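Observations on the three-dimensional arrangement
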Amino acid sequence: MDDSTTLIVLKKTKLGETDLIINGFSEQGFQIRAVAKGARKPGSKLGVHLELYSQTRVLVSKGRSLGIITEAQTVRSNESCRSDVLHSAGAAAIVELLDKISADSVADARLFALVCEALRSIGDVSDGSVRMITAAALLKIASQSGVRPSLKECVFCGDTMASQLRGNAQVAFSCSQGGVICDCCLSEIVEQGYTQIDPQLVEWAEVLITGRFKDLERHELLCNGEELCDDLGQILLEWTREWIRFHLVSRLKSLDFLLSFR
Ligand SMILES: [Zn+2]
């Protein structure tokens, strides 16, 4: 029997002379790998509806090992995610993380809606906001997958960090422990492997995790009355890479590329 679903196109791999293997993330929240026969032939009706980062309605029939995509219809093209190197790099980092964490995990349909909105947002923003939206998307995916950093309360004692985030020049943060550490615990616990980071970075990371993409795009979310500047956006993205590297995926090539791109 044929199955009909909407998926986000994560990856396209050449197969034979004219075919493609499509890795897609379905609206039901799991990864699908299926063959699109003849999709690389010039003028192929399948191929134009299976662009990277697009949302596509597909009909999949059972094949011998992989399914066969027999019909495809674009729901949302996300063309702007493919329009230049910077936007492509942001979109690529998001789908690369989704591809890696969903390869053999339990289904999570909420990730579908989250990534659809993230890609829509990447496509809609100007160059200066691509790093911020990418960092927000990666942190939201990590949080959704159960590895949300503790940024408002000390990871050891649970006390609020509000006054230290406002008053200190730096706060201690540990990837391995999962969040910020208050001054009191830091003096008592022999904690290895923490780093001192800018409290502004901590506050912005929380805003990126909790804020809606629409509000981030409009720069309506502020920290201490200030918008996120591009330099801090870059630092936040580097910090996000460390968090993801420790907890989820050892390397995201697209994210390395985005961070090196100037
Ligand atoms: Zn503490």
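What comes next concerns the included structure. (Residues numbered from 1 in each chain as written. Predicted model: local features only at pLDDT ≥ 70, side-chain atom pairs only at ≥ 80, totals over all residues. Heavy atoms only, no water.)

1. Side note on the sheet that holds strand β4 (residues 55-61)
Here we have five strands rolled up into a closed barrel, ordered β1-β2-β3-β5-β4, and mixed in their pairing. With strand direction ignored, the average angle separating the axes of adjacent strands in the sheet is 50 degrees. Bridge count for strand β1 (residues 3-15) against strand β2 (residues 19-26) is eight bridges, and the pairing is antiparallel. Along β2, the bridge assignment pairs L7 with S26. Packing against the sheet, helix α1 (residues 85-102) makes contact with β1, β2 and β3 (31-36), and its axis sits at approximately 105 degrees to β1. Relative to the sheet, helix α2 (residues 109-124) contacts β1, β2, β4 and β5 (67-76), its axis offset from that of β1 by approximately 60 degrees. (Pairing = 2+ DSSP bridges. Helix = DSSP H or I, 4+ residues; strand = E, 2+ residues; numbered from the N terminus. Axes fitted to C-alpha atoms, helices over the stretch in contact; angles between N-to-C directions. Contact = heavy atoms within 4.5 Å.)

2. Side note on the coordination of the zinc ion
Every protein donor of the zinc ion is accounted for by C154 (SG), C157 (SG), C182 (SG) and C185 (SG), and the metal-donor separations fall at 2.3 Å. Angles of 104 to 113 degrees at the metal separate the four donor atoms of the zinc ion, which places the site in the tetrahedral class. Residue classification places C185 among the buried residues on the basis of a relative accessible area of 9%. (Donors = N, O, S within 2.8 Å, 3.2 Å for Na, K, Ca; no water. Tetrahedral: all angles 85-135°; square planar, octahedral: opposite > 155°, others 65-115°. Buried < 20%, exposed > 50% of the residue type's maximum accessible area, 1.4 Å probe, protein only.)

3. Quick look at the sheet that holds strand β6 (residues 171-174)
Pairing is antiparallel in the open sheet, where three strands are placed in the order β7-β6-β8. Edge strands, defined here as strands with exactly one partner in the open sheet, are β7 (179-181) and β8 (195-197). Averaged over all neighbouring strand pairs, the angle between strand axes comes to 50 degrees, with direction disregarded. Examined bridge by bridge, β6 and β7 share three bridges and lie antiparallel to one another. Opposite S174, over in β7, you have G179 as the bridge partner. Docked against the sheet, helix α6 (residues 199-210) engages β6, β7 and β8, running at close to 80 degrees with respect to β8.

4. Remarks on the pairing of β5
In regular strands, side chains alternate between the two faces of the sheet. Sheet topology note: the β3/β5 ladder contains two bridges and is parallel. Across the sheet, the residue bridging to A34 is G67, located in β5. In this structure, β4 lies alongside β5, joined through seven bridges in antiparallel fashion. Residue S61 lies in a different strand from β5, and its bridge partner there is I68. As consecutive antiparallel partners, β4 and β5 are separated by five residues.

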